[in-house]
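Okay, here's what each chain looks like letter by letter:
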Amino acid sequence: MIEVDNIHKSFGEFHVLKGISTTFEQGKTNLIIGQSGSGKTVFLKCLLGLFEPEEGSIIYDGDRYADLNKADRRELRQNMGMVFQGSALFDSLTVEGNVTFPLEMFTNQSKGEMKDRVDAVLERVNLIDAHKKFPAEISGGMQKRVAIARAIVMNPNFLFCDEPNSGLDPKTAILIDNLIQEITQEYNITTVINTHDMNSVMEIGQKILFLKDGLKAWEGTNKEIFKTDNQAVTDFVYSSELFKKVRQMYIEERN
Amino acid sequence: MRVTEQIDALEVMGVNSINYLVFPKIIAMMMYPFAVAIAMYVGILGGWVAAVFGEFAPSAEFTKGLQIDFIPFHVTYAMIKTLVFAFVIATVPSFHGYYMKGGALEVGKAATTSFVWTSVVIIILNYTLTQLLLG
């Protein structure tokens, strides 16, 4: 579980995060949504420890980040997996090399043990025949799956995803969403996903945090988002005609 | 690596990215004196082959000629300059690459800037070292 208490982050005079408090629960897919420039990426980077907030605190399974020393912070980061928007795979390494990388860096496992673990996670993300391929030789969807495999290979307690299905076709995007949700429940991870994709919001948003102008404007579940009267949320989520109709149908069905 | 978030990926994993990416380059460049020693040897060997097999000078005369103006400190001087230049070549481009911001266009600009700064620093250090060691 991640508890965020009143965090503020500025860049010069530009106040990006203006006091956000929330809780991301374990075993659930927690989504952060909001318009471009609302502070989602800065918030995610604060959760990752890449940015340090000026005020407020972030507590990971009871450990307050600000109170941890350098070694403990490094250890905490080894307990985090991250799926970047552009996958961020090491292009000089094969798929197998990318997934093995964290094991080589942080464990004393034998080559055989590492291979078994890598085979298991690649099989889990449905990539069986791509071990020897380089990132440039595989599709965007496959790259995302390799990034997920690399993120979970160390059995992390926290999984962060920055727009995991951007640039993917709708079918592959749903596969990636479902994969993340399945992995979250299977490994009981605290998953935080930064997304613009309203399909993800409706499909896997077990908890949704809506940011606007660096503030928490709304939070709830994908069921509650249909019922909310919060103008900022409805303007954002139901900006397309399709989602307006979906909402209308949901409301009519309930009545 | 900066543009494609690979450096962020290293940091998130808990890897000290500067240590991981730059330190091996510095260590590798510190091996440069060995390459320069081999180059010196091959250069002299090439001169000997040309002189002897081109029938410009016999082997004994070539060897004697080499030794006339030989100052042992010049080898030390060459090795000192090699080490300093190697350090500059390893670190200046790494600095520009590591701290660059932006996209593909900025990568090109960072590459050009690092090339210019590396050249400038080497020219200045070359002059300074020559004055300090041989002046």
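Every value quoted in this text rests on a predicted model; they were computed, and no experiment measured them.

1. Let's talk about the domain arrangement of chain A
Residues and elements named next belong to chain A. When its domains are assigned, chain A resolves into domain 1 (1-79 + 157-221) and domain 2 (90-155). Taking only C-alpha atoms into account, the centre of domain 1 sits 24 Å from that of domain 2. The element contributing the most residues to the side of domain 1 that touches domain 2 is helix α6 (residues 170-187), with six residues. Considering only residue class, the side of domain 1 that touches domain 2 consists of eight nonpolar, three polar and no charged.

2. Some points on the confidence of the model for chain B
Residue and element names in this part refer to chain B. Per-residue pLDDT for chain B has a mean of 91; in total, 100% of the residues score no lower than 70. No element of chain B has a lower mean pLDDT than helix α1 (residues 6-13), which averages 85, and none a higher one than helix α4 (residues 32-53), which averages 94. Here the prediction assigns the complex a pTM of 0.78, and the interface score ipTM is 0.76.

3. With respect to the interface of chain B and chain A
Contact residues are listed per partner, giving ten residues for chain B and 13 residues for chain A. Taken together, the residues of the side of chain B that touches chain A break down into four nonpolar, three polar and three charged.

4. Quick look at the UniProt feature "domain: ABC transporter" (unreviewed entry) in chain A
Per the UniProt record, "domain: ABC transporter" (unreviewed entry) is found at residues 2-238 of chain A. A distance of 29 Å separates the end C-alpha atoms of residues 2-238 of chain A, which is 39% helix and 26% strand.

5. Regarding the nonpolar core
Nonpolar side chains in soluble globular proteins tend to end up buried together. All names here are of chain A. Core analysis: the biggest nonpolar cluster contains 64 residues, and Phe43, Ile148, Ala149 and Phe160 have the highest contact counts within it. Top element by residues in this core is helix α5 (residues 140-152). It accounts for six residues. Two domains each donate at least three residues to this core, and these are domain 1 (1-79 + 157-221) and domain 2 (90-155). If we skip the residues at most four places from it in the chain, Phe43 touches Leu17, Ile20, Ile32 and Leu211.

Scoring rules and cut-offs
Residues numbered from 1 in each chain as written. Chains lettered and ligands numbered in written order. Predicted model: local features only at pLDDT ≥ 70, side-chain atom pairs only at ≥ 80, totals over all residues. Domains from an automatic or database assignment. Helix = DSSP H or I, 4+ residues; strand = E, 2+ residues; numbered from the N terminus. Nonpolar A, V, L, I, M, F, W, Y, C, P; charged D, E, K, R; others polar. pLDDT = per-residue confidence, 0-100. Contact = placed C-beta atoms within 7 Å. UniProt positions renumbered as here; feature names shortened; annotations may be inferred. Core = buried A, V, L, I, M, F, W, Y, C linked by C-beta atoms within 7 Å. Buried ≥ 20, exposed ≤ 12 C-beta atoms within 10 Å, placed from the backbone.

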